Amino acid sequence: VVDIGKLYAQTGMFTYDPGFTSTASCQSKITYIDGDAGVLEYRGYPIEQLAEKGDFLETCYLLLYGELPTKAQKDDFDLRITRHTMVHEQMARFFQGFRRDAHPMAVMVASVGALAAFYHDSTDINDPKQRMIASMRMIAKIPTLAAMAYKYSIGQPFVYPKNSLSFAGNFIHMCFAVPCEEYKVNPVLSAALDKIFTLHADHEQNASTSTVRIAGSSGANPFACIAAGIACLWGPAHGGANEAALAMLKEIGSVDNIPEFIAKVKDKNSSVRLMGFGHRVYKNYDPRAKIMQQVCHEVLAETGHHGDPLLKVAMELEKIALSDPYFIDRKLYPNVDFYSGITLKAMGFPTDMFTVLFAVARTVGWISQWSEMIEDPHQKIGRPRQLFTGAARREYVGIDKRG
Ligand code: ACO
């Protein structure tokens with residue numbers, strides 16, 4: 001590892017690294033990935049164990065504080081999160097300004113950014129207490145805003161949080177309950193969603209997390225930083241990939257059409273990619289994808305969608321891709337998004353909510369990384385250099401003399 005900052009100060013040399021494929025922008029103690037071995041650990045704990053044995057709020061505590069909570073710490077943390085689930089009633093009016101057909105991610109970027117306007121008492125980034133209150137507020141309120149975005153889009157009244165439910169159970173309740181009817185959250189679906197949230201909670205310096213860190217490096221308030229992260233997550237090469245993977249499975253339609261589709265992917269002149277495949281860091285099976293595949297089967301069995309033709313297409317596509325030299329040579333394996341779209345669809349979420357659910361889960365990762373950055377004595381404002389390739393100096397020519 002070379003400290004390029006020091007090298008630059010001594011020699012004026014700097015690196016050209018588009019996409020930061022080989023540049024570490026920070027030191028971090030939060031998440032470890034070994035992309036070649038397919039390993040993902042939060043604070044040293046393997047993702048498989050956390051998804052299997054813990055719950056999402058326990059993972060939130062772990063990411064924020066660095067250790068798993070004791071029973072008393074966990075109870076206190078759960079209580080503190082549930083105390084913050086409501087949003088200001090003015091927020092409901094803020095929502096009325098959006099078109100009904102607005103993409104919920106657009107609503108999320110705006111409404112999370114707007115939280116800063118409501119909570120002036122937690123925007124001083126130099127005060128650790130204010131930082132923690134802002135963190136709690138966002139972990140608790142972003143699911144409420146996400147459910148409101150969904151309810152608004154379908155013209156139903158907002159459903160208030162039910163704090164006796166688990167984090168995932170409450171989210172399902174706010175999305176699918178209607179005020180005039182009894183609604184009971186399905187425990188299988190709530191357990192599945194809890195796992196999905198855990199799988200997406202953090203992933204070191206991905207594009208949206210780096211966006212949050214860069215925004216935060218200027219001293220911007222935490223609500224604005226997380227809104228920036230949500231905007232970045234929206235892109236189809238990042239959080240929008242599960243929506244794109246599901247659209248691709250629908251486009252393929254049946255197992256018989258797979259060879260023709262794969263031929264298009266392999267065609268050098270086409271820009272078609274196998275969505276839900278490949279990863280910048282994993283050059284082996286994404287460990288989250290294995291758990292996601294299992295969750296997908298559980299949810300489809302519970303909701304009676306087990307014969308879903310899209311699942312058949314997905315499984316066959318995976319089988320073919322894993323034995324095809326094109327994908328093997330490029331180390332392209334299914335990523336977490338490959339099965340999450342089918343799973344969320346079976347749970348009843350519309351496709352444009354998929355990335356929103358990702359944002360709900362990733363909020364804790366963004367906040368943990370942002371806090372770590374603020375506390376890091378080496379932290380500097382993010383200010384990449386460029387390799388200038390434009391025109392050399394030339395003299396201004398008056399408009400009447402330009403040919
Ligand atoms: N399908 C087909 N070919 C692919 C795919 C794919 N999904 N991904 C990469 N390749 C090929 C490229 O065409 C390239 O081939 P070449 O060497 O013949 O030119 C080679 O693999 C390397 O591709 P890069 O784009 O350089 O790889 P990079 O690491 O930059 O891309 C990315 C990673 C963006 C995730 C890419 O694999 C992709 O677009 N995947 C589909 C979108 C997706 O699923 N994104 C979700 C990521 S996970 C997440 O955000 C939670």
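The numbering scheme is per chain: residues are counted from 1 as the chain's sequence reads. Restriction of local features to residues with pLDDT of at least 70 applies here, the model being predicted, together with a cutoff of 80 or more for giving and counting side-chain atom pairs; totals for whole chains, interfaces and linings are based on all residues.

An unreviewed UniProt entry lists the protein chain under the name Citrate synthase, from Rhodopseudomonas palustris. UniProt positions are given in the numbering used here, feature names are shortened, and annotations may be inferred rather than shown by experiment. Regarding the protein chain, the UniProt comment filed under Catalytic activity (unreviewed entry) reads as follows: "oxaloacetate + acetyl-CoA + H2O = citrate + CoA + H(+)". Quoted straight from UniProt, the Sequence similarities (unreviewed entry) entry for the protein chain says "Belongs to the citrate synthase family."

Interaxial angles span 0 to 180 degrees and are taken between N-to-C directions of axes, which are lines fitted to C-alpha atoms, for helices over the stretch in contact. Secondary structure is summarised from DSSP: a helix means a run of H or I of at least four residues, a strand means a run of E of at least two, and numbering begins at the N terminus for each. At a minimum axis distance of 8 Å, the contact between helix H8 (residues 167–176) and helix H9 (residues 187–199) shows a crossing angle of 110°. It follows from the interaxial angle that H8 and H9 lie roughly perpendicular. Crossing geometry of H8 relative to H9 is assigned as right-handed. Along the contact surface, H8 presents Phe-167, Ala-168, Gly-169, Phe-171 and Ile-172, while H9 presents Leu-189, Ser-190, Leu-193, Asp-194 and Phe-197. Each angle gets one of four labels, with under 35 degrees taken as roughly parallel, over 145 as roughly antiparallel, 65 to 115 as roughly perpendicular, and the rest as oblique. In this scheme the crossing of two helices becomes right-handed for a clockwise turn of the near helix relative to the far one and left-handed for an anticlockwise turn of less than a right angle. Note on contacts: each residue gets a C-beta atom placed from the backbone, and two residues are in contact if those atoms are within 7 Å.

As a further point, take helix H15 (residues 309–323). An expected span of 1.5 Å times one less than the residue number is assigned to each helix. With 15 residues, H15 should reach 21 Å at 1.5 Å per residue; the first-to-last C-alpha distance of 22 Å fits that figure. Three classes are used. A residue is buried when 20 or more other C-beta atoms lie within 10 Å of its own, exposed when 12 or fewer do, and partly exposed in between, with C-beta atoms placed from the backbone. Buried residues of H15: Leu-310, Leu-311, Val-313, Ala-314, Leu-317, Glu-318 and Ala-321, and no others. Looking straight down H15, one finds that the buried residues subtend no more than 155° of arc, so they occupy a single side. Those residues of H15 that are exposed and aimed more than 90 degrees away from the buried face are Lys-319 and Ser-323. On the buried face of H15, the contacting elements are helix H12 (241–252), helix H13 (258–266), helix H14 (287–303), helix H16 (325–329) and helix H17 (337–347). By definition, the arc is the one covered by directions from the helix axis to the C-beta atoms.

What follows is about the environment of Ile-4. Tracing the chain through its elements places Ile-4 in helix H1 (residues 4–11). Sequence separation between Ile-4 and Met-275 is 271 residues, and the spatial gap between their C-alpha atoms is 35 Å. Once you skip the residues sitting within four places of it in the chain, Ile-4 turns out to touch Phe-14 and Thr-15.

Taking the UniProt record as the reference, the feature "active site" (unreviewed entry) is found at His-279 and Asp-337. For this annotated set, covering 59 residues, all C-alpha atoms fall within 10.6 Å of each other, a compact arrangement in space. Structurally, His-279 can be placed in the loop between H13 and H14. For His-279, the residues in contact, after removing those within four places along its chain, are Asp-286 and Asn-335. Looking at where Asp-337 falls in the secondary structure, it is placed in helix H17. Judged by C-beta crowding, with 28 C-beta atoms within 10 Å, Asp-337 ranks as buried. Each residue touching Asp-337, except ones within four places of it in the same chain, is listed here: Ala-241, Asn-242, Ala-245 and Gly-276.

Whether a residue is near a molecule or strand depends on its C-beta atom, placed from the backbone, lying within 6 Å of it. If you check the shell around the ligand, you find 18 residues, and the closest are Ala-241, Arg-273, Leu-274, Gly-278 and Arg-280. Looking at side-chain class alone, the shell around the ligand contains eight nonpolar, six polar and four charged residues. Polar here means any residue other than Ala, Val, Leu, Ile, Met, Phe, Trp, Tyr, Cys and Pro, which are nonpolar, and Asp, Glu, Lys and Arg, which are charged; Gly is therefore polar.

Quick look at the confidence of the model for the protein chain now. When the pLDDT values of the protein chain are averaged, the result is 94; 100% of them are 70 or greater. We note a pTM of 0.90 for the whole complex and an ipTM of 0.91 for its interfaces. Each residue gets a pLDDT score, which is the predictor's confidence in that residue and runs from 0 to 100.

This next bit is on the nonpolar core. Met-108, Val-112, Ile-226 and Ile-230 are the most contacted members of the largest nonpolar core, which totals 107 residues. In this view, Ile-230 contacts Met-105, Met-108, Val-109, Val-112 and Ala-359; residues no more than four positions away in its chain are not counted. We call a set of buried Ala, Val, Leu, Ile, Met, Phe, Trp, Tyr and Cys residues a nonpolar core when their C-beta atoms link them within 7 Å.

Side-chain alternation along strand S2 (residues 39–42) places Leu-40 and Tyr-42 on a buried face and Val-39 and Glu-41 on a face that remains uncovered. Sheet topology places strand S1 (residues 31–34) next to S2; four bridges connect them, and they run antiparallel. Looking across to S2, one finds that Ile-33 is bridged to Leu-40. The antiparallel pairing of S1 with S2 creates a hairpin that spans four residues between the two strands, and Gly-38 there sits at a positive phi of about 70°. Any two strands are treated as partners once DSSP identifies two or more bridges connecting them. Where S2 meets strand S3 (residues 45–46), two bridges bridge the pair, whose relative direction is antiparallel. Across the sheet, residue Glu-41 finds its bridge partner in S3, namely Pro-46. Taking the residues between adjacent antiparallel strands as the criterion, S2 and S3 are bridged by two residues, where Arg-43 takes a positive phi near 50°.

What follows deals with the sheet that holds S1. The strand order across the open sheet built from three strands is S1-S2-S3, with neighbouring strands paired in antiparallel fashion. Because the sheet does not close on itself, it has two edges, and the strands there are S1 and S3.

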